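# Summary of structural features
In case you want the letters, here they are:
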Amino acid sequence: MNSPVVRPVVLCGGSGTRLWPLSRTHYPKQFLRLVDEFSLLQNTLRRLDGLAGLGRTIAVANENHRFLVAEQLHEIGLQADLLLEPAARNTAPAVAAAALHALGEAPGQDPPLLLVLPSDHVIAEVAVFQAAVRAAIPHALAGALVTFGVVPDRAETGYGYIRRGDPVLGGYALDRFVEKPDPETAQAYLDSGQYFWNSGMFLFRADTYLEALQRFAPGIRECVASAVAAAGRDLDFLRLDQSAFAASPANSIDYAVMEKTEHGVVIPLDAGWNDIGAWDALATIGQADASNNTQHGDVLSIDTHNCVLLTEGRLLATVGVSDLVVVATPDAVLVANKAKAQEVKALVDELKRSSRAETEFRHIVHRPWGSYEGVAHGPRYQVKRILVKPGASLSLQKHHHRAEHWIVVKGTAKIVRGDESLLLSENQSTYIPLGVVHRLENPGKIDLEIVEVQSGSYLGEDDIVRLEDSYGR
């Protein structure tokens with residue numbers, strides 16, 4: 001028998017607020033490189049290498065992250081269908097959109113299997129994970145809705161659990177899902193050997209999932225079907241219709257389908273799974289040293305024990321401390337008791353209530369044409385380092401409240417300034433007066449790097465009037 005087509009569906013939403021200040025609204029944890037040189041999103045897809053019958057990936061993403069997702073997939077040489085959610089509606093509508101899209105691309109063919117994967121988890125043992133997927137395939141082909149239950153190694157209160165039923169080939173019938181337990185209940189679950197952690201990963205036929213939605217959550221099925229039918233193509237992205245998708249009830253796959261189906265199967269997964277829910281989790285994935293310290297960046301620690309120490313740039317030094325989380329970025333420093341790592345979310349909520357910009361963007365902000373980094377700022381001025389990728393250009397634009405000075409540090413810049421067209425090389429500069437229409441382009445084959453000095457009465461990113469834009473903004 002030919003191998004069935006398995007289409008990975010990677011869910012790129014989520015905020016990861018407990019990993020602040022590294023994780024931000026516009027750069028959430030799935031895009032962070034916490035384990036190795038690859039991001040959590042990239043490793044989610046890299047661990048599928050070698051699976052038989054693998055079809056084209058479907059990535060479902062927040063439209064605000066679309067260029068970041070596309071860039072990270074490009075870095076690992078992966079082509080994908082990129083579906084953009086105009087509103088957050090949880091996992092059940094997101095996967096419904098992927099299922100409808102997949103079926104629409106294969107009319108008259110056998111329905112593909114959808115391997116649904118969160119984009120922000122760590123799995124240490126890839127071979128074990130792939131074996132679990134292979135064990136799930138016969139059940140999914142037969143019409144079951146399969147989930148993967150992580151074999152617990154501790155009485156964890158931060159995860160939901162799955163109770164197993166009667167044995168089936170390679171796994172168990174799904175008995176029921178249960179909510180996050182208190183410590184005593186979690187210990188009882190662990191001792192019984194009848195429970196798994198809920199991983200949030202699934203395998204099922206696209207048509208089987210949609211049929212279950214029609215039965216248990218028809219409102220989701222109907223709204224998402226309308227959103228997919230009215231979707232519009234935007235460059236390499238498929239934008240789901242905003243009004244139809246926003247009208248869908250917000251619900252998870254667990255609540256909408258898995259808790260109600262009589263055809264659920266759970267496949268055990270004992271592969272070093274971790275969802276990196278907070279900073280203390282880094283110590284559990286093989287990152288800790290002999291003093292149980294997890295260190296990243298320029299760190300010097302003396303007489304320091306059981307700490308998470310991470311810095312981006314400047315030296316982070318500790319003496320005689322223990323049980324701390326210290327994370328330093330160019331614009332923020334977090335110091336927390338390691339036992340209180342989960343409570344970072346409350347801190348982020350408070351920062352958002354205060355409208356602090358440190359919750360929104362990292363110091364390096366990614367754009368479809370490249371990135372920019374804040375270097376210095378003060379009253380009526382700020383300095384940025386701007387990187388433009390080969391062949392890319394910023395929008396044709398103007399500003400009402402600021403002027404700009406550009407100095408080319410590396411590469412070649414093609415510049416439109418009013419009626420003029422300039423070509424600047426390294427160490428050359430130009431001045432863009434307030435209100436003058438301008439554009440910056442990299443015509444070369446290497447990255448263009450410039451230093452931009454802004455001056456004026458208002459320097460916010462919303463003081464941009466775009467006249468032409470290659471990226472539909």
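Here's what I pulled together on the structure shown here. Residue numbers restart at each chain and count upward from 1, following the sequence in its written direction. In keeping with the model being predicted, local features are shown solely for residues with a pLDDT of at least 70 and side-chain atom pairs are shown and tallied solely at 80 or more, while totals for entire chains, interfaces and linings include all residues. Values shown for side chains rest on all heavy atoms present in the structure; no hydrogens or waters enter the calculation.

## Some details on the side chain of Gln30
Secondary structure elements are defined from DSSP: runs of H or I of at least 4 residues count as helices, runs of E of at least 2 residues count as strands, and each element is numbered from the N terminus. When you line up the elements, Gln30 lands in the loop between β1 (6–11) and α1 (40–46). Burial classification: accessible surface area is computed with a 1.4 Å probe over protein chains only, and a residue below 20% of its type maximum counts as buried, one above 50% as exposed, and the rest as partly exposed. Accessibility expressed as a relative area gives 0% for Gln30, which makes it buried. Within polar-contact distance, the side chain of Gln30 engages the backbone oxygen of Cys12 at 2.5 Å. Contact definition: two residues touch when any of their heavy atoms are within 4.5 Å. Setting aside its immediate chain neighbours within four residues, Gln30 contacts Cys12, Gly13, Gly14, Ser39, Leu40, Leu41, Gln72, Ser119 and Asp120. By the criterion applied in these results, polar contacts are pairs of N or O atoms within 3.5 Å in which, for protein atoms, one can donate a hydrogen and the other can accept it, and in which residues neighboring in sequence qualify only through two side-chain atoms.

## Overview of the packing of aromatic side chains
Only centres within 6.5 Å qualify two rings of Phe, Tyr or Trp (six-membered ring in Trp) as a pair; their planes then separate them into stacked at under 30 degrees, edge-to-face at over 60, and tilted for everything else. Counted according to the given criterion, the structure contains 10 aromatic pairs. Ring centres of Phe67 and Phe237 lie 5.5 Å apart, and the angle between their planes is 85°; this geometry places the pair in the edge-to-face category. Linking Phe67 in helix α2 (residues 66–75) with Phe237 in strand β11 (residues 237–239), this pair joins segments that are 170 residues apart in sequence. Residues Tyr161 and Tyr189 carry aromatic rings whose centres are separated by 5.1 Å and whose planes lie at 55° to one another, so their mutual orientation is tilted. In this pair, Tyr161 sits in strand β7 (residues 161–168) while Tyr189 sits in helix α5 (residues 183–192), placing the two residues 28 residues apart along the sequence.

## Topic: the pattern of salt bridges
Basic side-chain nitrogens of Lys or Arg form a salt bridge, by our definition, when they fall within 4 Å of a carboxyl oxygen of Asp or Glu. Evaluated as defined, the whole model comprises 24 salt bridges. The salt bridge involving Asp81 is made with Arg56; its shortest N-O contact spans 2.6 Å. In this pair, Asp81 is assigned in strand β3 (residues 80–85) and Arg56 in the loop between α1 and β2 (57–62), connecting sequence segments 25 residues apart. Judged by relative accessible area, which is 38%, Arg56 ranks as partly exposed. Three or more residues are tied together by salt bridges with common partners; here these are Arg7, Arg56, Asp81 and Glu105.

## Remarks on the pairing of strand β17 (residues 316–319)
Here β17 shows one buried face, formed by Leu316 and Thr318, and one open face, formed by Ala317 and Val319. Pairing between strands requires that DSSP locate at least two bridges from one strand to the other. For strand β15 (residues 299–302) and β17, the ladder comprises four bridges, and the chain directions are parallel. Its bridge partner lying in β17, Leu300 is registered against Ala317.

## Focus: the packing of helix α3 (residues 91–104) against helix α6 (residues 206–216)
To obtain an axis, a line is fitted to C-alpha atoms, over the contacting stretch when the element is a helix, and the angle between two such axes runs from 0 to 180 degrees between their N-to-C directions. Two numbers describe how α3 lies on α6: the axes approach to 9 Å, and their chain directions differ by 130°. With respect to each other, α3 and α6 are oriented oblique. Judged by the twist between their axes, the crossing of α3 over α6 is left-handed. Contact residues: Thr91, Ala92, Val95, Ala96, Ala99, Leu100 and Leu103 in α3; Ala206, Asp207, Tyr209, Leu210 and Leu213 in α6. The classification used treats Ala, Val, Leu, Ile, Met, Phe, Trp, Tyr, Cys and Pro as nonpolar, Asp, Glu, Lys and Arg as charged, and all other residues, Gly among them, as polar. Among the residues making up the contact of α3 with α6, the classes are represented as 10 nonpolar, one polar and one charged. We call two directions roughly parallel when the angle between them is under 35 degrees, roughly antiparallel when it is over 145, roughly perpendicular when it lies between 65 and 115, and oblique otherwise. Should the near helix be turned anticlockwise from the far one by less than a right angle, the crossing is termed left-handed; should it be turned clockwise, right-handed.

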